[in-house]
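Geometric and topological summary
Each chain is listed here by its residues.
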Amino acid sequence: MVKPNQKIALITGANRGIGFEIARQLGARGIHTLMGARDPAKGRASAARLAAENLGVEFFHIDVADRTSIQDAADRIDRQFSRLDILVNNAGIAPDGGGSVMDVPAEKFEAALITNALGPLLLSRACARLMQRNQYGRIVNISSTLGSLTAMSAASAEEAATKVPAYRLSKAALNAVTTLLAMELKNFRILVNSACPGWVRTDMSGEQAPLSPAEGADTPVWLATLPDDGPSGGFFRERKAIPW
Ligand SMILES: NC(=O)c1ccc[n+]([C@@H]2O[C@H](COP(=O)([O-])OP(=O)(O)OC[C@H]3O[C@@H](n4cnc5c(N)ncnc54)[C@H](OP(=O)(O)O)[C@@H]3O)[C@@H](O)[C@H]2O)c1
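This section reports on the structure supplied with the text. Everything numeric in this text was worked out from a predicted model, so none of it was measured. The residue numbering used here restarts from 1 in each chain and proceeds along that chain's sequence as written. Two thresholds apply to this predicted model, a pLDDT of at least 70 for residue-level local features and 80 or more for giving and counting side-chain atom pairs, whereas whole-chain, interface and lining totals are computed over all residues.

1. Topic: the overall build of the protein
Keep this limit in mind: Elements are defined by DSSP. Helices are runs of H or I of four residues or more, strands are runs of E of two residues or more, and each kind is numbered from the N terminus. Values of the radius of gyration come from C-alpha atoms, whereas the globule rule sets the reference at 2.2 Å times the count of residues to the power 0.38. Exposure classification rests on a simple neighbour count of other C-beta atoms within 10 Å of a residue's own: a residue reaching 20 or more is buried, one at 12 or fewer is exposed, and one in between is partly exposed. C-beta atoms are placed from the backbone. The contact rule is simple: place each C-beta atom from the backbone, and if two of them lie within 7 Å, those residues are in contact.
Regarding its fold elements, the protein presents nine helices and eight strands. Taken over C-alpha atoms, the radius of gyration comes to 17 Å for the protein, in line with the 18 Å a tight globule of 244 residues would show. Overall, the C-alpha framework of the protein stretches about 55 × 40 × 35 Å when taken along its three principal axes. The burial tally for the protein puts 45% of its 244 residues in the buried class. Counting contacts in the protein only where the partners sit at least 6 residues apart, residues at least 24 apart contribute 71% of the total.

Structure follows, in structure tokens:
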């Protein structure tokens with residue numbers, strides 16, 4: 001049961017990895033947290049784990065690569081809660097599997113752009129309409145330093161040729177989504193930012209990464225709970241601004 005002044009958050013891809021930890025940390029702050037997952041069985045199991053820690057979480061079905069699922073999710077939030085305070089666009093894929101920007105198949109660029117950039121744009125628009133009603137909102141796009149144009153242009157030729165070009169392109173596009181929405185929504189007390197969680201031990205990055213998922217969740221959670229005078233239209237890592 002949601003209390004009248006309790007904030008409501010939706011996190012996509014919250015059934016594992018960084019999204020799961022963002023859900024845990026938002027739940028621990030007393031925020032009613034909708035744990036988005038595309039697979040209901042996985043989503044219910046993950047929500048049950050956090051509910052067992054006495055956190056106010058629930059499974060919420062959403063596939064960010066499916067436009068119907070996105071609109072259906074926004075409609076369900078409107079019907080059930082009549083509002084949304086926080087959206088974390090966390091769900092992501094890294095489909096490249098190695099290869100240069102000259103070789104990676106078009107289908108992999110397409111898949112990365114749909115899941116990592118178009119889905120977050122469409123979901124943010126649908127959720128921002130709910131946020132506009134209450135003149136309050138926080139949208140956090142989980143991006144990556146790999147999507148930084150500054151980092152891309154400073155990369156060595158070898159690195160540029162081998163490092164996940166479809167993923168990089170999609171995260172650069174996601175950063176553009178952040179910038180465009182932040183401008184559009186600035187008069188509605190809706191703050192929109194990109195976060196790089198750092199290199200985090202998850203299924204996506206592997207065991208050699210230095211940060212735990214809980215550490216990776218820190219900057220996203222900070223941005224999701226910013227005060228009204230907090231930044232908007234920025235890109236942050238370890239709670240510090242980094243270049244686009
Ligand atoms: N790990 C890192 O070092 C790192 C660094 C920078 C940025 N990031 C970003 O952080 C975010 C989380 O990554 P992670 O490391 O936690 O990855 P992960 O362990 O691979 O988890 C990815 C999550 O996204 C979900 N997902 C994928 N496609 C989806 C879709 N179409 N609809 C709904 N959910 C979908 C997955 O669901 P399923 O379980 O159903 O597949 C899973 O819950 C991603 O955006 C990633 O790009 C990660």
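Moving on from the model shown.
2. Section: the nonpolar core
As a rule of thumb, nonpolar side chains are buried together in soluble globular proteins. As a reminder of what qualifies: Residues of type Ala, Val, Leu, Ile, Met, Phe, Trp, Tyr and Cys that are buried and joined through C-beta atoms within 7 Å form what is called a nonpolar core.
Within the largest apolar cluster, 54 residues are counted, with the highest numbers of intra-cluster contacts made by Ala9, Leu10, Ile22, Ala23, Met35, Val88 and Cys127. Broken down by element, the residue count for this core peaks at six residues, all from helix H4 (residues 106-134). With residues near it in sequence (within four places) discarded, Ala9 still touches Leu26, Ile31, Thr33, Leu34, Asp85, Ile86, Val88 and Ala224. If you look at the next biggest cluster of nonpolar residues, it comprises eight residues, including Val104, Ala112, Val164 and Ala166.

3. Section: the pairing of strand E3 (residues 57-61)
Basically, it comes down to this: The pairing criterion is simple: DSSP has to find at least two bridges between the two strands.
Where strand E2 (residues 32-37) and E3 come together, five bridges link them in parallel fashion. When the sheet's bridge partners are listed, Ala37 is paired in E3 with His61.

4. Let's talk about the sheet that holds strand E8 (residues 240-241)
Which entries qualify depends on this criterion: Working convention: axes come from line fits to C-alpha atoms, limited for helices to the stretch in contact. Angles between N-to-C directions cover 0 to 180 degrees.
Pairing in this open sheet of eight strands is mixed, and the strands run E3-E2-E1-E4-E5-E6-E7-E8 from one edge to the other. Each having just a single partner strand, E3 and E8 make up the two edges of the open sheet. With six bridges connecting them, strand E5 (residues 137-142) and strand E6 (residues 190-196) associate as parallel partners. Of the residues in E6, the one forming a bridge with Gly137 is Ile190. Contacting E5, E6 and strand E7 (235-237), helix H7 (residues 165-185) crosses the sheet at an angle of about 165 degrees to E6.

5. Here's the deal with the environment of Gln208
For Gln208, the location among the structural elements is in the loop between E6 and helix H8 (213-216). Note on Gln208: 7 C-beta atoms within 10 Å, which makes it exposed. With 143 residues separating them in the primary sequence, Gln208 and Ala65 have C-alpha atoms 29 Å apart.

6. Examining the site of the ligand
Keep this limit in mind: Residue proximity rests on one test: whether the C-beta atom, placed from the backbone, lies within 6 Å of the molecule or strand. By the convention adopted, Pro, Cys, Tyr, Trp, Phe, Met, Ile, Leu, Val and Ala count as nonpolar, Lys, Arg, Asp and Glu as charged, and the other residues, Gly among them, as polar.
In the region of the ligand, 29 residues are neighbours, and Gly13, Gly17, Ala91, Gly92 and Thr202 sit closest. The element that contributes the greatest number of residues to the shell around the ligand is helix H1 (residues 17-28), accounting for three residues. Along the lines of polarity and charge, the residues of the shell around the ligand split into 12 nonpolar, 11 polar and six charged.

7. Details of helix H3 (residues 67-81)
The condition that has to hold: An expected span of 1.5 Å times one less than the residue number is assigned to each helix. Here, the arc refers to the directions that run from the helix axis to the C-beta atoms.
With 15 residues, H3 should cover 21 Å at 1.5 Å per step; its first-to-last C-alpha distance of 21 Å lies within 8% of that length. Every buried residue of H3 is listed here: Ile70, Ala73, Ala74 and Ile77. Down the axis, H3 shows its buried residues gathered within 95 degrees of arc, on one side only. Exposed positions of H3 whose direction lies more than 90 degrees from the buried face are Thr68, Asp75 and Arg79. Packing partners of the buried residues in H3 comprise strand E1 (8-11), E3 and H4. Directly after H3, the chain includes Ser82, whose backbone phi takes a positive value near 60 degrees.

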